[in-house]
Amino acid sequence: MMKYKHLFGPVASRRLGISLGIDLVPYKYCPLNCVYCEVQSTTHLQTERQRFFPTSEILSELDSFMQSEPHLDFITFSGAGEPTLNSSISEIISHVKTHYREYKLALLTNGVLLNNDEVLSEILPCDVILPSLDAASQDVYEKVNRPKAGLLVQDQIKGLTRLRKLYRGQIWLEVFIVPGITDTEAELKLLRSAIKQISPDLVQLNSLDRPGAEDWVEAASTERLKEIKRYMSQELTMPIEIIAKIKYQPGINALDEEIVHLIKGTISRRPSTAEDLSAMLDIHINEISKILRVLNREGKLRAERKARGVFYSWKA
Ligand code: SF4
């Protein structure tokens with residue numbers, strides 16, 4: 001996988017099983033700059049869509065990888081930024097749907113552009129759409145998601161509600177809990193009514209797994225997530241899940257073990273950020289992030305925040 005620029009994985013993903021990632025935007029274009037973002041701060045805060053790369057470049061990587069007919073639960077648009085910013089997404093979706101019909105297609109999105117009808121109609125062929133909504137008041141939205149100036153959380157909620165009306169596939173809504181900010185009673189109440197209005201098939205509660213963009217962001221305890229789930233369930237009828245923490249699963253992808261080995265070799269000698277590791281090892285940032293997350297949870301890493309980001313070293 002190391003030779004690919006736009007593909008990463010297949011990785012064992014917490015929400016999608018074995019998933020091949022397609023990254024459609026360069027590092028790091030996004031209309032939001034979330035305080036918990038695991039790929040660090042947004043450098044290009046924008047809502048304008050662009051082609052970014054020649055579409056053929058992405059499609060030929062995909063065709064080359066798919067020649068081996070890999071076992072995958074999903075082909076997933078995700079990456080270091082927001083996939084719907086890529087204006088050729090519809091061409092890519094239609095390529096996957098034409099040539100790899102037996103595979104399921106998922107889209108991870110922050111949902112900001114779903115308020116745009118063109119974007120909405122382009123993503124309808126996906127099998128599962130996993131949008132995010134972390135806040136329902138403008139004030140908390142700005143604190144947590146730090147949107148581009150002018151973006152309104154109400155528009156995002158409207159876009160998601162419209163998606164539900166037009167889209168026949170599954171919508172799994174992710175709600176990222178930032179303790180003390182998004183989980184006040186007032187905010188949870190607003191969020192619950194927004195989710196009721198959106199009516200996704202599933203709600204997934206998530207929280208921090210490895211240091212995010214800002215060091216004051218803390219993980220919510222499992223107990224707290226369970227309380228939030230109980231609170232949400234009082235009014236919502238769809239299933240609500242706390243995203244299970246999966247363990248690193250060697251064997252799912254033989255390359256993962258190799259990457260763990262490379263990461264260990266590198267950070268035992270010199271503390272590095274996820275971005276350093278990605279550049280040095282020529283491995284997609286998301287793949288590095290996933291592995292760091294698991295290693296961190298297993299207590300194998302020491303993380304230290306410096307001006308340039310979070311530096312990881314290996315605990316002896
Ligand atoms: S978490 Fe997602 S939406 Fe938020 S800044 Fe990072 S890439 Fe953008």
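Just so it is clear, the model here is predicted, and its values are computed rather than measured.

Thresholds, definitions, all that
- Residues numbered from 1 in each chain as written.
- Predicted model: local features only at pLDDT ≥ 70, side-chain atom pairs only at ≥ 80, totals over all residues.
- Domains from an automatic or database assignment.
- Contact = placed C-beta atoms within 7 Å.
- Helix = DSSP H or I, 4+ residues; strand = E, 2+ residues; numbered from the N terminus.
- Nonpolar A, V, L, I, M, F, W, Y, C, P; charged D, E, K, R; others polar.
- pLDDT = per-residue confidence, 0-100.
- Expected span 1.5 Å × (residues − 1).
- Buried ≥ 20, exposed ≤ 12 C-beta atoms within 10 Å, placed from the backbone.
- Arc of directions from axis to C-beta.
- Pairing = 2+ DSSP bridges.
- Axes fitted to C-alpha atoms, helices over the stretch in contact; angles between N-to-C directions.
- Near = placed C-beta within 6 Å.

### As for the domain arrangement of the protein chain
Its domain assignment divides the protein chain into domain 1 (7–246) and domain 2 (247–316). The gap between the C-alpha centroids of domain 1 and domain 2 is 23 Å. With 21 residues of domain 1 in contact, the opposing surface of domain 2 contributes 19 residues. Counting only elements with at least two residues in the side of domain 1 that touches domain 2, the list comes to strand S1 (7–13) and strand S2 (17–22). Per element, the largest residue contribution to the side of domain 1 that touches domain 2 is five residues, and it comes from S1. Here the residues of the side of domain 1 that touches domain 2 are counted per class, giving 10 nonpolar, five polar and six charged.

### So, the confidence of the model for the protein chain
A low pLDDT means the predicted coordinates there should not be read in detail. The predicted model of the protein chain averages 90 in pLDDT, with 96% of residues at 70 or higher. Between residues 246–255, whose pLDDT stays under 50, and residues either more than four places distant or in other chains, the model counts 13 contacts.

### So, helix H6 (residues 185–198)
Between its terminal C-alpha atoms H6 stretches 20 Å, which fits the 20 Å expected from 14 residues at 1.5 Å a residue. Just downstream of H6, Ser199 is the residue with a positive phi angle, here 60 degrees.

### A short note on helix H1 (residues 55–66)
If you check H1, its first and last C-alpha atoms are 17 Å apart, about what 12 residues at 1.5 Å a residue would give, namely 16 Å. Ile58, Leu62 and Phe65 are the residues of H1 that are buried. For H1, the arc enclosing every buried residue in end-on projection is 65 degrees, short of the 170-degree limit, so these residues lie on one face. In H1, the exposed positions that point more than 90 degrees away from the buried face belong to Ser56, Glu57, Ser60 and Ser64. In this structure, the buried side of H1 is in contact with S1, S2 and helix H2 (89–99).

### Some remarks on the sheet that holds strand S5 (residues 74–77)
Strand order in the open sheet formed by eight strands is S1-S2-S5-S6-S7-S8-S9-S10, with mixed pairing between adjacent strands. One side of each edge strand has no neighbouring strand; the edge strands of this open sheet are S1 and strand S10 (240–242). Looking at each pair of strands side by side, their axes are set apart by 25 degrees on average, direction ignored. Sheet topology note: the S5/strand S6 (residues 105–109) ladder contains three bridges and is parallel. Following the sheet pairing, Ile75 is matched in S6 by Leu105. Here helix H7 (residues 222–233) sits on the sheet in contact with strand S9 (202–206) and S10, set at roughly 175 degrees to S10.

### Quick notes on the site of the ligand
The environment of the ligand is made up of Cys30, Leu32, Asn33, Cys34, Cys37, Val39, Thr42, Gly81, Glu82 and Asn110. Considering only residue class, the shell around the ligand consists of five nonpolar, four polar and one charged.

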